[in-house]
Amino acid sequence: MLALEMYRSVSRTLTGKAIGGRMPGVLSGFAAPLRLVTLPEPKVDRPGWARLRTRLSGICGSDLGALSGRTSLYFSAVVSLPFVPGHEVVAELLEDCADLPKGTRVVVDPILTCAARGVEPCESCATGATNLCSRITVGHLAPGLQTGFCKDTGGGWGQQLAAHRSQLHPVPEGFSDEQAILIEPVACAVHTALRAGIRPGDRVLVSGAGSVGLFATLALRELTEAGEIIVVAKHQQQKELAREFGATEVVAPSEVLRRVRRSTGAFQLEPQFSSPYLLGGVDVAVDAVGSKQSLETSLQATRAGGRVVLSGMPAPADLSAAWFRELEVVGTYASAQSDEAFTRAIELVATDAVQQLAKTVASYPLHRWREALDHAHSAGRLGTVKVAFDPRSSS
């Protein structure tokens, strides 16, 4: 089968880390530790596992971070190279899998939990907090925090992969593949909204209006009693979508503190040789980008004792505000079965706004991977929310 494979290359990783942020094009050219290869079809020799044929697989910010070398070395212990990326997956079963018959169209919850690894449930898995599984490096699978980061399962950037029944959610009839590819990232947004601990009437800032920020805005509006939701967006289509998804107001990055100060009556301070910040601010901020600038903006705009939610994989940043203002910094990773995140995500993806968004999903065959990655790196500027691979396509 054809697949895109990420492999270990110290020189390419260092090149991406050094210049990938300034020259994203190198990450789809000579510096990308990615290659189009022919691999054996995945083997399935344990109960509860099945082979899947990929229909669509999204390109996520974490995928781009791994290819660019921006991902922290913290994660090197929970992946196994070489692996086929792709954790946002719509596929069809190539054989029966427990109660699901061959041919069923499914989306994949990518977390490789105790159930998938064939070990006794850890404390987190036993309570449904499957995203916090403590056994993602043991069992009969190689280390891998998710499908798409494990050499034994394959990933969606290949024509086939293997998955466990606990990971599979049937796609409702009437959903297009383009709708279905949005279910997993929306499920992550559901977890973000619930983890944010919003109280009735809380003012919320969402820093970033890519797919993570837009879906977080949607989930916050639909699943919580948030009051004002201010979204930070760079590009015109992002601004329009943020309003459709529930933003009260949309502001440019340069306007954030001024807008929050006006809304909350906060005081703005101007430290020497550093960025301004507020005394006062929003109750909750969601960093939906993970960049240094976005995280620091979230910290600087949150009132003392407020909460900052890390929804994007965070870059190193100045945490002085978290200490000085006693902020509660909360991580939110993937989705949890205890949240019924996929069930709720399917309901959100069925809304008119997301159905219309699904029509803009851009898909590419595997052999056009360089073009696809270029598109994904420039998605916001180009007005695209999701770029995906279609391994069935040849053109």
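Calculation notes
- Residues numbered from 1 in each chain as written.
- Predicted model: local features only at pLDDT ≥ 70, side-chain atom pairs only at ≥ 80, totals over all residues.
- Heavy atoms only, no water.
- UniProt positions renumbered as here; feature names shortened; annotations may be inferred.
- Phe/Tyr/Trp six-rings, centres within 6.5 Å; stacked < 30°, edge-to-face > 60°.
- Buried < 20%, exposed > 50% of the residue type's maximum accessible area, 1.4 Å probe, protein only.
- Helix = DSSP H or I, 4+ residues; strand = E, 2+ residues; numbered from the N terminus.
- Core = buried A, V, L, I, M, F, W, Y, C linked by side-chain atoms within 4.5 Å.
- Contact = heavy atoms within 4.5 Å.

Naming follows an unreviewed UniProt entry, where the chain appears as Zinc-binding dehydrogenase of Nocardioides caricicola. Looking at the Cofactor (unreviewed entry) heading of the UniProt record, one finds this comment for the chain: "Zn(2+)".

K.L.:
Any chance you could explain the packing of aromatic side chains here in plain terms?
P.N.:
Two aromatic rings are characterised by how far apart their centres lie and by the angle between their planes. One pass over the structure, following the stated rule, counts four aromatic pairs. Their ring planes at 75° and their centres at 5.2 Å tell us that Y74 and F75 sit as a pair that is edge-to-face. For Y74, a relative accessible area of 67% corresponds to the exposed category. The class of F75 is partly exposed, set by a relative accessible area of 25%. With 5.0 Å between their ring centres and 65° between their planes, W157 and F389 make a pair best called edge-to-face. On the criterion of sequence distance, the pair formed by W157 in the loop between α4 (123–126) and β6 (160–164) and F389 in strand β17 (residues 387–389) is long-range, its members being 232 residues apart.

K.L.:
Sorry if this is basic, but what is going on with the nonpolar core here?
P.N.:
The tendency in soluble globular proteins is for nonpolar side chains to be buried as a group. The biggest cluster of nonpolar side chains holds 49 residues, and the ones touching the most others in it are L182, I183, V204, V206, F215 and L220. Taken together, the elements giving at least two residues each to this core come down to α6 (183–195), β8 (204–207), α7 (211–223), β9 (229–232), α8 (236–244), β13 (282–287), α12 (341–349) and α13 (352–358). If sequence neighbours within four positions are ignored, L182 has contacts with F215, V349, V354, L357, A358, V361 and K386. Counting residues in each nonpolar core, the second largest holds 30 residues, with L4, M6, F83 and F389 among its members.

K.L.:
Would you take a moment to explain the UniProt feature "domain: Enoyl reductase (ER)" (unreviewed entry) in the chain for this structure?
P.N.:
The feature "domain: Enoyl reductase (ER)" (unreviewed entry), as annotated in UniProt, sits at residues 103–387 in this numbering. For residues 103–387, helix accounts for 35% and strand for 18%, while the C-alpha atoms at its two ends are 25 Å apart.

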